[in-house]
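Given next are the chains, with one letter for each unit.
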Amino acid sequence: MRARMKNPALVLPDGMTGIGSILRAVHFGGIAEGLREIVGLRVSQINGCSACVHTHSQNLVKAGESAERIAGVGAWREAPFFTGAERAALALTEMVTRLADRSGEAVPDELWDEVADHFDERQISALILLIGVTNLVNRLNAAVREPASSAWG
């Protein structure tokens, strides 16, 4: 499959500058690289963004993550490979990504409290920004049919 056009964030460089600024903030938000990639992978799985699933999976392999953990991200609730903090981050990831699927609050207090048990305000901010920017990138890629082999390149 070929992309319909060059990615909009690359066509309009200020768009990429904005995305890059958010990603830099996330990088310094106190969340480990592996967890950032796991969150990015889960968002991308939910949104069906093959380019991002491919990229996050490759990044996890390069970071030394096990095949079991990478494969288990899509079934994290049932997989025994994730810590309490990772599970809280993944639950937040799903709630924020699936806003249209909710019947109550976007993020229930019980989940918020669980996340806050594992992360401080700076780290929670980094998680929320990461989830949001990954959703944005997924949507850009989906709109132009960005293939996995040329993600943002």
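Everything discussed here concerns the structure shown above.
Read on for a plain summary of the structure. Just so it is clear, the structure is predicted and the values come from calculations on it, not from any experiment.

Calculation criteria
Residues numbered from 1 in each chain as written. Predicted model: local features only at pLDDT ≥ 70, side-chain atom pairs only at ≥ 80, totals over all residues. Heavy atoms only, no water. Helix = DSSP H or I, 4+ residues; strand = E, 2+ residues; numbered from the N terminus. Rg over C-alpha atoms; globule rule 2.2 N^0.38 Å. Buried < 20%, exposed > 50% of the residue type's maximum accessible area, 1.4 Å probe, protein only. Contact = heavy atoms within 4.5 Å. Areas by Shrake-Rupley, 256 points an atom, 1.4 Å probe, with all protein chains shown as cover. Lys, Arg positive; Asp, Glu negative; His and termini not counted. Charge placed at Lys NZ, Arg CZ, Asp CG, Glu CD. Patch = residues over 30% accessible without salt bridge, like charges linked within 9 Å, V, L, I, M, F, W, Y side chains within 5 Å. Salt bridge = Lys/Arg side-chain N within 4 Å of Asp/Glu carboxyl O. Polar contact = N/O pair within 3.5 Å; in protein donor to acceptor, adjacent residues only side chain to side chain. Core = buried A, V, L, I, M, F, W, Y, C linked by side-chain atoms within 4.5 Å. 1 Å grid on protein atoms, 1.4 Å probe; cavity = no way out; pocket = protein on both sides within 12 Å on 5 of 7 lines; lining within 4 Å. Points joined across faces, edges and corners; volume = space filled by probe spheres on them. Nonpolar A, V, L, I, M, F, W, Y, C, P; charged D, E, K, R; others polar.

**Quick look at the overall build of the protein**
Here's step 1: Looking only at helices and strands, one finds eight helices and zero strands in the protein.
Here's step 2: Across the protein, helices and strands are ordered from the amino to the carboxyl terminus as α-α-α-α-α-α-α-α.
Here's step 3: Over its C-alpha trace the protein gives a radius of gyration of 15 Å, about what one expects of a compact globule, namely 15 Å for 153 residues.
Here's step 4: Structurally, the protein occupies a C-alpha span of about 45 × 35 × 30 Å along its principal axes.
Here's step 5: Split into buried and exposed, the 153 residues of the protein put 39% on the buried side.
Here's step 6: Considering only contacts in the protein between residues 6 or more positions apart, those separated by 24 or more positions represent 66%.
Here's step 7: Split by element, the accessible area of the protein, about 8300 Å² in all, is 56% carbon and sulfur.
Here's step 8: Within the protein, one finds 15 positive and 18 negative side-chain charges whose respective centroids are separated by 12 Å.

**Structural notes on the environment of D109**
Here's step 1: Tracing the sequence through the fold places D109 in helix α7 (residues 109–118).
Here's step 2: D109 sits in the exposed class, given a relative accessible area of 52%.

**With respect to a nonpolar patch on the surface**
Here's step 1: Together, M5, V11 and L12 make up an exposed nonpolar region whose accessible area comes to about 290 Å².
Here's step 2: Mapped onto the elements of the fold, V11 is located in helix α1 (residues 8–11).
Here's step 3: Residue classification places V11 among the partly exposed residues on the basis of a relative accessible area of 42%.

**Observations concerning the side chain of N7**
Here's step 1: With respect to the element layout, N7 can be found in the segment before α1.
Here's step 2: A relative accessible area of 1% means that N7 is categorised as buried.
Here's step 3: Within polar-contact distance, the side chain of N7 engages the side chain of N141 at 2.9 Å.

**Thoughts on the nonpolar core**
Nonpolar side chains in soluble globular proteins tend to end up buried together.
Here's step 1: Residues V39, F82, V115, F119 and L127 are the most contacted members of the largest nonpolar core, which totals 27 residues.
Here's step 2: Of all elements in the fold, only α3 (33–47), α6 (84–97), α7 and α8 (121–144) reach the threshold of two or more residues within this core.
Here's step 3: With residues up to four places along the chain from it excluded, the contact list for F82 reads I38, R69, G72, V73, W76, R87 and L90.
Here's step 4: In this structure, I19, C49, C52 and V137 belong to the second largest nonpolar core, which totals eight residues.

**Thoughts on a negative patch on the surface**
Here's step 1: A surface patch of negative charge is lined by E105, D109, E110, D113, E114 and D117.
Here's step 2: On the basis of relative accessible area, D117 is assigned to the exposed category, the value being 65%.

**Thoughts on unusual backbone geometry**
Here's step 1: Here R145, not a glycine, exhibits a phi torsion of approximately 60°, which is positive.
Here's step 2: Along the chain, R145 turns up in the segment after α8.

**Quick notes on the layout of surface pockets**
Here's step 1: What the largest pocket holds in volume is close to 490 Å³.
Here's step 2: Lining the largest pocket are 20 residues, with L23, E37, T55, H56 and N59 sitting closest to its centre.
Here's step 3: Secondary-structure elements contributing two or more residues to the lining of the largest pocket are α2 (13–27), α3, α4 (50–62) and α8.
Here's step 4: Looking at the lining of the largest pocket, its residues break down into eleven nonpolar, six polar and three charged.

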